[in-house]
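Residues per chain, in single letters:
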Amino acid sequence: MKVAILTAGGLAPCLSASIGALLDNYSKEMPEAELFGYLYGYQGLLKGDLFQFSTVDIDVSQLFEFGGSLLGNSRVKLTNTEDCIRRGLVADGESPLEVAAQQLQKDEINILHTVGGDDTNTMAAALSNYLSDNNYNLTVIGLPKTVDNDIIPIKQSLGADTAAHQGSIFFKNIVNENTSNPNTFIIHEVMGRHCGWLTAATARKYRSYLLEKEFNRKVLLDRKKWDIDAIYIPEIKIDLKKEASRLKQAMQDKGNVNIFLSEGSCQEEILSDMKRNNQQIEKDAFGHVRLDKINPGEWFSNQFSSKIGAEKTLVQKSGYFSRSAAPNNFDLDLIKQSAEYAVQCAINNQSGVVGLDEEDNDELSIINFDRIKGGKPFDHSCTWFQEMLHDIGQID
């Protein structure tokens, strides 16, 4: 029996730990299995870059302490033939899906574990279907990874809680810049293309930390200066004029303004401005706008800085800091549970994505690939988020 693992897409605080948990469970449940990893995700699969693990030489607990992916990641869409040809991953006239399927057959892989988001697991399903149609039995089991926590119908994706925690740690330091200049405006840009969960959860964890921290107004340590003044997410339409007026008042009252911003907020408005100015809009292999190239934080800075009376504006992005961390205890527990379940599914030849199924009382289960979709919105009507917006004065 040959088992392969690959990680793909952007990083999240779960990848190396997921590999370690899978290796650990195979050593216990199927010690005779040969274990491999494709280097740099689907790129490695297309190129046949295969690494063989020897569980005898690995202390899997060590992998739980590392962020990133020890196998490496890449963003490759097997159905985007043009992109794969341009990057030299397949030859002109070849089908990436067919090349990947043939490589799995050549490597005699029986079980493939993919750790990634909806795009990664959609590609895995396409591979499984292609091989099945060509009389090759491959069990494919995905683990849901995304810091955005936006996979349908997954309740909690691996690594998301850690990313929120790390984003709060990032801002604990950055917020002290409010003392560096009068009327400082700090924009904390958080990852989140279509979903504001990470921004909201990061703000929640940061404000929980503030409640535990002692302040003393007698020596100018005013909690309000360290608090958040606005939380902007893609799911909520922003009245820029109204917000500018509110934030101007906050600047006058306490001498600084701090906002948390999902990178996908006001994306339509930003792209419209770019088109008007004949600026290039770059996209990745999956057709997603490259948000790192359009600089949402800078756009919001231009909208607000002069209007609210900012003398100094800082745009600080926590994304790479947050997503590159090792998992916290919450995520590590979920990773271990998910990996154990995934190996049992492999033994039973069950394909799908292992996750907490929102449509089945949040039970850990194997979910059919055809139910996996991206773009799950954050439920901004939830009580804790509404209370937080009220506490910071963003809503009445």
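Our subject is the structure that appears above.
So, a few notes on the structure that sits alongside this text. Quantities reported herein were computed from a predicted structural model and do not represent experimental measurements.

## Quick look at the pairing of strand β4 (residues 111–116)
For β4, the buried fraction is high: 6 of the 6 residues fall into the buried class. Where burial is concerned, the two faces of β4 agree: the one with I111, H113 and V115 and the one with L112, T114 and G116 are both buried. Judged from the 5 bridges that link them, strand β1 (residues 2–7) and β4 form a sheet pairing that is parallel. Paired with L6 across the two strands is T114, which belongs to β4. With 6 bridges joining them, β4 and strand β5 (residues 139–144) adopt parallel strand pairing. Its bridge partner being in β5, T114 is matched across the sheet by G142. Handedness of the β-α-β unit built from β4, helix α6 (residues 118–133) and β5 comes out right-handed.

## Notes on the layout of surface pockets
Rolled over the atoms, a probe sized like a water molecule indicates the empty space that remains. Of the voids in this model, the largest pocket is the one considered here, and its volume is about 1100 Å³. Residue lining of the largest pocket: 45 residues in total, with G10, R75, R193, D284 and R323 positioned closest to the centre. Of all the secondary structure elements, the ones that give two or more residues to the lining of the largest pocket are α4 (81–86), α6, β6 (184–190), α12 (291–294) and α14 (319–323). Broken down by class, the residue content of the lining of the largest pocket amounts to 13 nonpolar, 14 polar and 18 charged. Reported here for the second largest pocket is a volume of approximately 350 Å³. Along the walls of the second largest pocket sit 16 residues, with N149, Q156, W197, F378 and W384 positioned nearest its centre. When residues of the lining of the second largest pocket are assigned to their parent elements, the largest contribution, 4 residues, is made by helix α8 (residues 197–212). Here the lining of the second largest pocket is composed, by residue class, of 7 nonpolar, 2 polar and 7 charged.

## Overview of the pattern of salt bridges
Scanning the entire structure with this criterion turns up 16 salt bridges. Among the ionic pairs, R86 bridges to D83, the shortest N-O distance being 2.6 Å. With a gap of 3 residues between them, R86 and D83 both fall in helix α4, about one helical turn apart. What makes R86 exposed here is its relative accessible area of 62%. Classification of D83 by relative accessible area gives buried; the value is 8%. Here K237 and E269 are joined by a salt bridge, their closest N and O atoms 2.9 Å apart. With a gap of 32 residues between them, K237 in the loop between β7 (230–232) and α10 (240–254) and E269 in helix α11 (residues 267–276) connect regions that are remote in the sequence. Given the relative accessible area of 69%, K237 is considered exposed. The exposure class assigned to E269 is partly exposed, which follows from its relative accessible area of 27%. Salt bridges sharing partners connect three or more residues here, namely D83, R86 and R87.

## What to know about the packing of aromatic side chains
Two numbers describe a pair of aromatic rings. These are the distance of the centres and the angle of the planes. In this structure the tally under the stated criterion is 14 aromatic pairs. Seen from their ring centres, F378 and F385 are 5.2 Å apart, and the 85 degrees between their planes marks the pair as edge-to-face. Overall, F378 belongs to the buried group, its relative accessible area being 8%. Chaining the aromatic ring pairs together yields one cluster made of F171, Y206, Y209 and F260.

Criteria and cut-off values
Counting restarts for each chain, with residues numbered from 1 along the sequence as it is written. Owing to the predicted nature of the model, reporting of local features is limited to residues with pLDDT of at least 70; listing and counting of side-chain atom pairs is limited to 80 or more, with chain, interface and lining totals taken over all residues. Where side-chain values are given, they derive from all heavy atoms of the structure, hydrogens and water being excluded. Here the term buried applies to any residue with accessible area under 20% of the maximum for its type, exposed to any over 50%, and partly exposed to those in between, with areas from a 1.4 Å probe on protein chains only. Put simply, DSSP marks the helices as runs of H or I at least four residues long and the strands as runs of E at least two long, and each gets a number from the N terminus on. Two strands make a pair as long as DSSP finds a minimum of two bridges between them. Seen with its strands pointing away from the viewer, a crossover is right-handed when the path leading from the first strand over the helix to the second is clockwise. Detection works on a 1 Å grid of protein atoms alone, calling trapped sets that fit a 1.4 Å probe cavities and calling open sets with protein on both sides within 12 Å along at least five of seven lines pockets, with lining residues defined by an atom within 4 Å of a point. Grid points are joined across faces, edges and corners, and a volume is the space filled by probe spheres set on the points. Just so you know the grouping, Ala, Val, Leu, Ile, Met, Phe, Trp, Tyr, Cys and Pro go in nonpolar, Asp, Glu, Lys and Arg go in charged, and all remaining residues, Gly too, go in polar. Any Lys or Arg side-chain nitrogen located within 4 Å of an Asp or Glu carboxyl oxygen qualifies as a salt bridge. Centre distance within 6.5 Å is the pairing criterion for rings of Phe, Tyr and Trp, where only the six-membered ring of Trp is used; planes under 30 degrees apart are then read as stacked, over 60 as edge-to-face, and the remainder as tilted.

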